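Next come the chains, spelled out residue by residue.
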Amino acid sequence: MAVTKSWQMTKTCIKCGNSIEAQPEDPAADKYPACAACWKEWTTYAIMVMNEMRLDMSLPEHRKALRKYERAFFGLEKGVAEVQKNPEKPPSH
Ligand SMILES: [Zn+2]
């Protein structure tokens, strides 16, 4: 089992493709290797999503919903991609 772990040393931002160096410890950094700029962009977007959809982070279902948007934002999930392209038009539920 020769599993290379070199990716951990030079990560590439999954959103913009820039290489990431000296990433500060971030609980989500392993899941979504993102540069500081893109991560900041996501956190701004996340706040907007939370406001628009009235997500309560104390509720597991709401955290799960936000996770979906997070994955969509970083291009990992295609199901909700259209929301990302139309941030001013949140989906009605
Ligand atoms: Zn980036």
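What you are looking at is a predicted structure, and each value in this text was computed from that prediction instead of being measured.

**Q** Explain the overall build of the chain here, please?
**A** Within the chain, the secondary structure is distributed over three helices and two strands. Starting at the N terminus and walking to the C terminus, you meet the elements of the chain as β-β-α-α-α.

**Q** Whenever I open this one, unusual backbone geometry confuses me. Can you help?
**A** Where the residue is not glycine, phi is negative for most of them; where a peptide bond is considered, it is trans in most cases. With phi around 50°, Arg54 is a residue other than glycine that occupies positive phi space. Structurally, the position occupied by Arg54 is in the loop between α1 (36-53) and α2 (60-73). The exposure class of Arg54 is exposed, given the 7 C-beta atoms found within 10 Å.

**Q** In this structure, what is going on with the packing of α1 against α2? I would like to understand it.
**A** Geometry of a packed helix pair, given as the angle between the helix axes and the separation of the axes. One way to put it is that α1 packs onto α2 with a least axis distance of 10 Å and a crossing angle of 140°. Of the possible angle classes, the one that applies to α1 and α2 is oblique. Relative to α2, the crossing made by α1 is right-handed. In contact with Trp42, Tyr45, Ala46, Val49, Met50 and Met53 of α1, α2 contributes Ala65, Leu66, Tyr69, Glu70 and Phe73. Grouping the amino acids of the contact of α1 with α2 by side-chain chemistry returns ten nonpolar, no polar and one charged.

**Q** Can you help me understand the confidence of the model for the chain in this one?
**A** When pLDDT is averaged along the chain, the result is 78, and 63% of the positions lie at 70 or above. Confidence, expressed as mean pLDDT per element, reaches its minimum in the chain at helix α3 (residues 81-85) with 49 and its maximum at α1 with 94.

**Q** Explain the environment of Val49 to me, please; I cannot follow it from the model alone.
**A** Inspection of the secondary structure puts Val49 in helix α1. When residues no more than four places from it in sequence are discounted, the contact partners of Val49 are Leu55, Leu66 and Tyr69.

**Q** Help me understand α1, please; the structure alone is not making it clear to me.
**A** Along an α-helix, residues three or four positions apart point the same way, because every turn accommodates 3.6 residues. Under the 1.5 Å per step criterion, the end-to-end length of α1 is 25 Å for 18 residues, consistent within 8% with the ideal 26 Å. Of the positions making up α1, those classed as buried are Cys38, Trp39 and Val49. Take α1 and look down its axis: the buried residues cluster within an arc of 90°, on one side only. With respect to the buried face of α1, the exposed residues turned more than 90 degrees away are Ala37, Lys40, Thr43, Thr44, Ile47 and Asn51. Among the structural elements, α2 are those in contact with the buried residues of α1.

**Q** Even after reading the chapter, I still don't get the environment of Arg67, so can you show me in this structure?
**A** As for its placement among the helices and strands, Arg67 is situated in helix α2. Sequence spacing of Arg67 and Ala46 is 21 residues, and the spatial spacing of their C-alpha atoms is 9.4 Å.

Rules behind the numbers
Residues numbered from 1 in each chain as written. Predicted model: local features only at pLDDT ≥ 70, side-chain atom pairs only at ≥ 80, totals over all residues. Helix = DSSP H or I, 4+ residues; strand = E, 2+ residues; numbered from the N terminus. Buried ≥ 20, exposed ≤ 12 C-beta atoms within 10 Å, placed from the backbone. Axes fitted to C-alpha atoms, helices over the stretch in contact; angles between N-to-C directions. Parallel < 35°, antiparallel > 145°, perpendicular 65-115°, else oblique. Left-handed = near helix turned anticlockwise from the far one by under 90°. Contact = placed C-beta atoms within 7 Å. Nonpolar A, V, L, I, M, F, W, Y, C, P; charged D, E, K, R; others polar. pLDDT = per-residue confidence, 0-100. Expected span 1.5 Å × (residues − 1). Arc of directions from axis to C-beta.

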